[in-house]
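# Observations on the three-dimensional arrangement
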Number of protein chains: 2
Amino acid sequence: MPKIITIAREYGSGGRLIAQKVAEKLQLVYYDNEVIDLAAKELGFDIDTIRKAAEEKSSSFMYTMSSSAFTLPLNDQVFTTQSKIIRHLAKHDSCIIVNGCADYVLEDYDDVLTVFIHAPLESRIKRVKDEYKENHDDIKRFVMKKDKGRSNYYNYYTTKKWGQLKNFDLTINSDLGIDEAADIIVKLFQKGNF
Amino acid sequence: MPKIITIAREYGSGGRLIAQKVAEKLQLVYYDNEVIDLAAKELGFDIDTIRKAAEEKSSSFMYTMSSSAFTLPLNDQVFTTQSKIIRHLAKHDSCIIVNGCADYVLEDYDDVLTVFIHAPLESRIKRVKDEYKENHDDIKRFVMKKDKGRSNYYNYYTTKKWGQLKNFDLTINSDLGIDEAADIIVKLFQKGNF
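In this report, we go over the structure that sits alongside the text. (Residues numbered from 1 in each chain as written. Chains lettered and ligands numbered in written order. Predicted model: local features only at pLDDT ≥ 70, side-chain atom pairs only at ≥ 80, totals over all residues. Heavy atoms only, no water.)

### Topic: the state of the cysteines
Residues and elements named next belong to chain B. Threshold: Criterion for a disulfide: a pair of cysteine sulfur atoms within 2.5 Å. The rule is simple: take the accessible area with a 1.4 Å probe, protein chains only, and divide by the maximum for that residue type; under 20% is buried, over 50% is exposed, in between is partly exposed.
Counted under the stated rule, the structure contains zero disulfides over all chains. Just so you know, Cys101 is unpaired, no disulfide at all, and the nearest cysteine sulfur is the one on Cys95, 16 Å from it. Given the relative accessible area of 5%, Cys101 is considered buried.

Rendered as structure tokens:
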């Protein structure tokens, strides 16, 4: 049976970077919203093609901090298709899925380790400026708007509430360290009690 | 400077046992509500006496699953005195404090690693029956009532809301393993990024 890690995160928490480190250490296929969206739009349900796209993207994007122009479209059909793709991926590969709703979408799957990464607002503003190189007049407002978008999306499409600790096996403040957070997830995955 | 771990937990999650394991591994003084309450009532602010009481209690209670008859009294003066004791303890020793409000009480202290332990209701009911040996006609109701008590207490006495992941550096579902949870806390404490 495939074993899955889902990672949801606050904007600017470094959750994507943590996920990439975990994927590399555990040699897991790394799926994020861009790949899921690409699959939903163009690649359909052919697992080999999606996996190849994910791997190509991972190798080229690994360790770049690009936050990408990707924003979640609030559209019922898009959500339904994304959910189908996520369930499809989770059936085929042990993998790591960086997506805000994956914990909900895979709720009835066994062997899913659900993780949420967060950080204090000041740390996230710093990361968004220094590492993501986002340039906005009001960077605090920009970060909070991104958070609000993720929260609205989750609350609209799921029957749960965004950012509730009971939805997750593990939540970590990434101020404790990006490598430390990645190591914790790696060890819990290897232990396999989920 | 003392380094502190605070542990809040859902009833029946095994949080107390995790805290005891962490205390033993890190050789930290272990303070729980009974000691804090004893200090508030009888021992006052004499740190050596409190520490001695904590150590005696730890050695005799270590690894017993006694959930004790302790219930939190909803009383302004008691809360204020408990908070003072907690702040007093945190100034003197690197220690682990098992108390639902300690994350809030020590909010303005540096070097505090805040942890919340939870588990699915079914797992907690099982632990409360099998390990705490609690015997009730409606055990589910009993567990939920205990949760409600902790939540009400926190929400009444603090300006925050009980069980919010943003209040904690780390939250863990103890179904991932009591030893695994303890190990994660030990490593994060040793790393010291908090």
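### Re the sheet that holds strand S1 (residues 4-9) of chain B
Our working rule: Paired strands, as defined in this entry, are two strands with at least two bridges between them according to DSSP. Strands here mean DSSP runs of E at least two residues long; helices mean DSSP runs of H or I at least four residues long; both are numbered from the N terminus. The angle between two axes is taken between their N-to-C directions and runs from 0 to 180 degrees, where each axis is a line fitted to C-alpha atoms and a helix contributes only its stretch in contact.
The strand order across the open sheet built from 10 strands is S2(A)-S3(A)-S1(A)-S4(A)-S5(A)-S5(B)-S4(B)-S1(B)-S3(B)-S2(B), with neighbouring strands paired in mixed fashion. Bordering the open sheet on either side are strand S2 (29-32) of chain A together with strand S2 (29-32) of chain B, each of which pairs with just one other strand. Strand-to-strand twist of the sheet, defined as the mean angle between neighbouring strand axes without regard to direction, takes the value 20 degrees.

### Things to note about the relation of the copies chain B and chain A
For clarity, the threshold we go by: The superposition of copies rests on a least-squares fit of C-alpha positions from residues with pLDDT of 70 or more in both. Here a residue-residue contact requires only that any non-hydrogen atoms of the pair lie within 4.5 Å.
For the pair chain B and chain A, the superposition axis carries a translation of 0.0 Å, the fit reaches an RMSD of 0.0 Å, and the rotation angle comes to 180 degrees. Both copies are brought into coincidence by an operation consistent with a two-fold rotation axis. Taken together, the interface assignments show that 100% of the residues at the interface of chain B recur at the interface of chain A, consistent with an identical surface on both copies.

### A closer look at the interface of chain B and chain A
Note the threshold: Two parts lose some accessible area (1.4 Å probe) when they are put together, and adding that loss for both gives the buried area. A carboxyl oxygen of Asp or Glu within 4 Å of a side-chain nitrogen of Lys or Arg is what we treat as a salt bridge. In protein, a polar contact means a hydrogen-donor-capable atom and an acceptor-capable atom, both N or O and within 3.5 Å, with residues adjacent in sequence counting only if both atoms are side-chain atoms; elsewhere, any N or O pair within 3.5 Å suffices. Residues were grouped as follows: Ala, Val, Leu, Ile, Met, Phe, Trp, Tyr, Cys and Pro as nonpolar; Asp, Glu, Lys and Arg as charged; and all remaining residues, including Gly, as polar.
Listed as interface residues are 26 residues of chain B and, on the opposing side, 26 residues of chain A. Both faces considered, chain B and chain A share a buried interface measuring about 2,100 Å² in area, 56% of it formed by carbon and sulfur atoms. Area buried by chain B at its contact with chain A is led by Leu165, Lys166 and Leu176 of chain B, which between them contribute 31% of it. Put simply, chain B and chain A have four salt bridges between them. Note that Lys191 of chain A and Glu180 of chain B form a salt bridge whose closest N and O atoms lie 3.3 Å from each other. Here chain B is connected to chain A by 13 residue pairs in polar contact (both at pLDDT 80 or more). Counted by class, the side of chain B that touches chain A contains 12 nonpolar, seven polar and seven charged residues. Sheet topology places strand S5 (residues 170-173) of chain A next to strand S5 (residues 170-173) of chain B; three bridges connect them, and they run antiparallel. Paired with Thr171 of chain A across the strands is Thr171 of chain B, a residue of S5 of chain B.

Note that every value here comes from positions in space, so none of it alone points to a role or purpose.
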